[in-house]
Amino acid sequence: MHTYELLAWLILAFPLLAFVIQIFFGKRLPRQGDWVPVAAICCSLFFGLILFFMVIVGEHDPNFVFQVSYPWFSGGSLQFDWGFHIDNLTAVMILVVTVVSSVVHIYSLGYMQGEDFYDRFFAYLSLFSFSMLLLVLCDNLFILYISWELVGVSSYLLIGFYFWKHSAADACKKAFITTRVGDVFFFIGILMVVLYIGEFNYTKVFEAVAHGELTGWVLTIAVVCLFGGAVGKSAQFPLHVWLPDAMEGPTPVSALIHAATMVAAGVYMVGRLFPIFSASPAAMLVVAYIGLITAFFAATIAITQTDIKRVLAYSTVSQLGYMVTALGVGAYTAGLYHLMTHAFFKALLFLGSGSVIHAVHTNEMPSMGGLKKKMPITFWTMLIATLAISGVPFFSGFGSKDAILAASLEFGMTHWLHMPIFLGLLLGAGITAFYMFRLIFLTFFGEAREPKRYDHAHESPYSMTVPLMILAGLSVIGGFGLYGGLWFNHLVVPPVIGDAAHHAAEGHGAHGSALAHYGAMALSILFATGGILLSYLVYYKKKISAEAVAGRFPVLYNLSFHKYWVDELYGKTVIAFVMWFRMVLARFDNKVVDGIVNATAPALRGVSSFSGAWDKYVVDGLVNLIAIVVQAVGAVSTLIQSGVIQNYLMKVGIAVGAILLLHNFILRIF
Amino acid sequence: MGNVESLSYFVPELILTVAILIVLFADMFGMERGGFDLPGGAALLGSILALISHVWLYSQPATMLFEGMIAHDMFSAFFRGFFLLCTVVVTLMTMYSMEVIHLKKGEFYSILLSICIGMCLVASAQNLIMIYLALELMSLGSYILAGFSRRIGRSEEASLKFVLYGGVSTGVMLFGLSLLYGLTGSTDFSAIQQVLISSEKGIDLTAFTIFLLILVGVGYKIAAVPFHFWAPDVYEGSPTPITAFLSVASKGTGFALLIRLFYSTLLTRSPAGGFWVEVGDIDIDWTFHLAVISALTMTIGNLGAISQNNLKRLLAYSGIAHAGYLLMGVCLLTDVGLQAVIFYLVVYLFTNLAAFLVVIIMVDTQDEEGMNGVRGLWARTPIVAVAMTICLFSLIGLPPTAGFVGKYYLFVALLQGKLYWLAIVGVLNTVVSLYYYARIVKAMFFEPTYTEEPIRVHPVYAGLLTALVVPVLYFGIFWDSLARYARYCASLITY
């Protein structure tokens, strides 16, 4: 067995085993078995790190691919296999998933202490980790879809973990159903690819697409359908509505699933299937614009939210929009790089907010304030993450966001029509800095607005703060990947399909022209600083009153505060339509069907004498006949199974005689 | 091949023979003392050794043994493995079962092993005399074992019914065999086939009568309608390990007998390959006749099961229904059909033995084989409840269990054979069967139990149950290896 193959097996096996042990025996183990999943994910992390360094440092080859596949079964002409596809992107994703997952596991030891169903929580976490790792490691569309659904299920279970709360139960249903809408498109997309190409394996599909086996409008539709899956899972407009509600789940879950890993699965999928996506420029534009809309409009919503987790949720939606836009304009490396950096700092922000919530027992920022002194570790680590997401130089977010902006500027410079993409993202970057610092100022600075809560607040235990510090470190050093053309930029490049595509792939990446690069960098620093300054003036110095501004522009404020009424819009349209249709059907039953019955009544009355006779002799007769037949079958079967052996033997004799007779005399006649 | 050379191919049967002697000898040293079942251990060891030597014989090419009396081909090898595996499992079941705690357990094992030899010979016989002798060897043993719990009245009753019913059925079958001999003047399969190929027109009636009379014997073994009457009574009355053995191994023998005898005398392999056709000028639609029997068997089996409350009786009817499903594959007379049958038999082996093991656990721990025993089982012993659920799902044919794949192959074979009406009957029957299997699942998980007291399952039973259930799941997900194996085994020796 090859080393990579062995590593992949080990990485997958530990969480799966932990899930099985935990779900069946967790309750009976000491400490409710929480150490089993934690130990398992740490083992996965260990082997993940080995894999990462072997691939990134050891191989150090942009075109490195390791593939192994095992036959599963063949259905007609289709061969269903499963296997591993390991390249640089896989290695990076494995690192992200195992690191964030282990950190969240450890954090949960403190955060979930004493909750009901403590053991089950860890079982679900293991199931999720396994599914996500499978999603990253698998080598074909079939397994991709299976693991795609598996992460969906585990997300459903974890969002609804507090299932006795109505809001949580509603949220998990909403998340599941909304993402299903995207999944259906994803499934159609996979079916289209398989229908035209007849293969599931990534490499074979890519080669077939490169050879033009799937082209034209069919390809465009297939790609848009595939992208539909990403829209659902990565909470892109217009299916983003589930993610803010998903914050009903425990905070570690929000950090793991709804910030760092599962929501990034959509982006990862687009990246993984990039050779198919990039074959259709029209579909790529759809991707870019959906991303842009999401990035900008989620950022504007985040400005006015008061629930700390909801701010972070909309921020996540917005950042996912950045990644999707990057992939849409062809900046493969930049988009996936942002995926990695974002995973670290957003997980950190969520875990930090969890720490705050743990201390003050509320999600509402207006009830917080002045927590800086009480919770120094939480404050400093969250500040680092905030600097990173705002795109301040020397933090990880700067490198990745700058790369995205540069790529979109370059895209805008070649196609002037698409300049709005760059402008929207740039403005969005400013807004991001503004609302993130708003969060910091409202939570940690100023005077304590609710002294009672403030007095009880305390720094969280080490099991929670150590993960914060680890992630804070990663949020800083994660940025070095792109500086000076270090490994990420060099290694994570679009896969090369055949020789012909080799030159085409060269132009992509985050290099860009010098003008685009430095221009974007300068502008992005400018906008980030602007956002931070504005936030400082409004929420720290109170030079500008937020209420006054809100009062001046009530329309804009309400649009943002009510999230553009998208939920209400769906309630009034899609859901209302379903409910209306249900009413229509009920009415159809009531009015039309019953009406027909009522209308025919007089007519029937006219012929009632006939009908009476008909009923009596034919209908009743039929009903009675059925009853008689059923009874007879019962009677016959008891009669047959009389328990008397002579009887049985006689029946065998009769049967043999009857068959012989039937065969020789009756069948012969026909 | 001559007699002496043939012995090297006969190692598993020889090992079993030696094991029988050792078991009888071991029985003389009282087993009560140490508590360990010495004869049982010997029988277990013997059957496992036989199984190992059998696997070792696998790679040998197909050939005729003992001057053409029996054949060594993939088909017989498959069934030998099937029966040996069954014997190992049933021996283990018996060793720890409370039902057959009996001073004369040594007799029990030695009879079990001789039945196994008989079964192996049925699957490989190439001669009418041989096949009849082998059949009697296994039948006589089965009669004794069915009545082994002599203290219980219904066990005696079961045994007596079994003897009478079996005696008449095999007698009728013997009449069929003698007609076949009379028609062709030979007891050797290849000679019979040669004579029939060159026979003149006008023997249709004789051929059909022979077929029908043989079918009485075969139908009795596999419990096919209208020869199934004994099954519910005997299954209910016998000690449960024997019921398990009858429902799997005995049924398997019936199918081995049917395929071996029918496919190599009245049928001949088509030169086009892939299917069998009538020999000579005989013009009878075998497929139709067998298909009707198949449809009747599964329908009556499933309808009968609906109102049963005794689990053994219910599983008896379910076994009748499964004989019907298996006949769907046999009646096609194609390679694909045979492969499906072999695949399904393997699935059936694991699933049914596991289901009966659950019944044994019920009987041993609470002396209850009715629906009452399984009520609320989930709360009392979750592992057994989950295992039983998997078995029942497999019997229904739900994914991801092996039963689903087995049914899938059967239906694919039916569609390829263009026997659409039978496929529809089969699907409808599956739906009916859902009702009574799901009733057990419902009772286990959702119905209140009369006591919350947990059931302590013997560790050997727990291990055995796991060992039987894991393949059911495994082959439900990774069935390709088993499918390839079935394709490999579905080849009879041809002349």
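Residues numbered from 1 in each chain as written. Chains lettered and ligands numbered in written order. Predicted model: local features only at pLDDT ≥ 70, side-chain atom pairs only at ≥ 80, totals over all residues.

## What about the overall build of chain B?
- The helix and strand inventory of chain B stands at 21 helices and four strands.
- For chain B, the residues scored as buried account for 57% of the 495 residues in total.
- For chain B, long-range pairs separated by at least 24 residues make up 78% of all intrachain contacts whose partners lie at least 6 apart in sequence. (Helix = DSSP H or I, 4+ residues; strand = E, 2+ residues; numbered from the N terminus. Buried ≥ 20, exposed ≤ 12 C-beta atoms within 10 Å, placed from the backbone. Contact = placed C-beta atoms within 7 Å.)

## So, the overall build of chain A
- A count of helices and strands for chain A gives 28 helices and two strands.
- Pairs at least 24 apart in sequence give 79% of the contacts found in chain A among residues at least 6 apart.

## Considerations on the interface of chain B and chain A
- In this complex, chain B contributes 19 residues to the contact, which on the side of chain A involves 18 residues.
- Residue assignment for the side of chain B that touches chain A shows that the elements contributing at least two residues are helix 7 (153-184), helix 9 (204-222) and helix 10 (230-237) of chain B.
- The biggest single contributor to the side of chain B that touches chain A is helix 9 of chain B, with five residues.

## Quick notes on the packing of helix 16 (residues 376-390) of chain A against helix 18 (residues 419-444) of chain A
Residue and element names in this part refer to chain A.
- Put simply, helix 16 and helix 18 touch, their axes get as near as 9 Å, and they point 165° apart. One finds that helix 16 runs roughly antiparallel with respect to helix 18. The way helix 16 lies across helix 18 gives a crossing that is left-handed. On the side of helix 16, the interface is formed by Phe379, Met382, Leu383, Thr386, Ile389 and Ser390, while helix 18 contributes Thr432, Ala433, Met436, Phe437, Ile440 and Phe444.
- Here the residues of the contact of helix 16 with helix 18 are counted per class, giving nine nonpolar, three polar and no charged. (Axes fitted to C-alpha atoms, helices over the stretch in contact; angles between N-to-C directions. Parallel < 35°, antiparallel > 145°, perpendicular 65-115°, else oblique. Left-handed = near helix turned anticlockwise from the far one by under 90°. Nonpolar A, V, L, I, M, F, W, Y, C, P; charged D, E, K, R; others polar.)

## Quick notes on helix 8 (residues 189-197) of chain B
Residue and element names in this part refer to chain B.
- Every buried residue belonging to helix 8 is among Phe189, Ile192, Gln193 and Leu196, and all of these are buried. The buried residues of helix 8 occupy one face: seen down the axis, they fall within an arc of 100°.
- Packed against the buried residues of helix 8 are helix 7, helix 11 (240-266) and strand 3 (267-269). (Arc of directions from axis to C-beta.)

## What to know about the nonpolar core
- Grouped together as the largest cluster of nonpolar side chains are 203 residues, with contacts concentrated most on A:Val270 and A:Ala347.
- Ranked by the residues each element gives to this core, the list is headed by helix 15 (residues 332-360) of chain A, at 17 residues.
- In this structure, B:Ile192, B:Ala249, B:Trp286 and B:Leu345 belong to the second largest nonpolar core, which totals 189 residues. (Core = buried A, V, L, I, M, F, W, Y, C linked by C-beta atoms within 7 Å.)

## Quick notes on the environment of B:Leu160
All names here are of chain B.
- Among the secondary structure elements, Leu160 is positioned in helix 7.
- C-beta crowding within 10 Å serves as the criterion here: with 16 such atoms nearby, Leu160 is assigned to the partly exposed category.
- A C-alpha to C-alpha distance of 7.7 Å links Leu160 and Tyr143, two positions 17 residues apart in sequence.

## Digging into the environment of A:Val68
All names here are of chain A.
- Position of Val68 among the secondary structure elements: in strand 1 (residues 65-75).
- Classification of Val68 as partly exposed rests on a count of 15 C-beta atoms within 10 Å.
- Between the C-alpha atom of Val68 and that of Gly83, which follows or precedes it by 15 residues, the distance is 5.5 Å.
- Once residues lying within four places of it in the same chain are set aside, the contact partners of Val68 are His2, Glu5, Gly83 and Phe84.

## Here we look at the confidence of the model for chain A
- Per-residue confidence for chain A gives a mean pLDDT of 82, with 92% of residues at or over 70.
- Here residues 499-511 of chain A is modelled with pLDDT under 50, and outside its nearest four sequence neighbours on either side it reaches 22 contacts, counting other chains as well. (pLDDT = per-residue confidence, 0-100.)

## Description of helix 7 (residues 202-210) of chain A
All names here are of chain A.
- Those residues of helix 7 that fall on the buried side of the exposure criterion are Tyr202, Val205, Phe206 and Val209. Along the axis of helix 7, the buried residues cluster in a sector spanning 100°; they form a single face.
- Structurally, helix 7 contributes buried residues whose contacts are with strand 2 (78-87), helix 5 (141-159), helix 6 (166-197), helix 11 (262-272) and helix 12 (274-277).
- Gly212 sits one or two positions beyond helix 7 and adopts a positive phi of about 75°.

## Brief notes about the confidence of the model for chain B
- Overall, the prediction assigns chain B a mean pLDDT of 89, with 97% of residues at 70 or greater.
- Here the predicted complex carries an ipTM of 0.80, next to a pTM of 0.67.

## Let's talk about the environment of A:Tyr145
Residue and element names in this part refer to chain A.
- Here Tyr145 lies in helix 5.
- Taking the C-alpha atoms as reference points, Tyr145 and Phe186, separated by 41 residues in sequence, lie 8.3 Å from one another.
- When near neighbours in sequence (up to four residues on either side) are disregarded, Tyr145 contacts Phe187 and Ile190.

## A short note on unusual backbone geometry
- A cis amide bond links B:Val225 with the next residue in sequence, B:Pro226, at an omega value of 5°.
- For B:Pro226, the location among the structural elements is in the loop between helix 9 and helix 10.
- Cis geometry marks the peptide bond from B:Pro399 to B:Pro400; its omega dihedral reads 5°.
- Relative to the elements of secondary structure, B:Pro400 occurs in the loop between helix 17 (382-396) and helix 18 (402-416).
- Of note, A:Ala235 is a non-glycine position whose phi angle comes to about 55°, a positive value.

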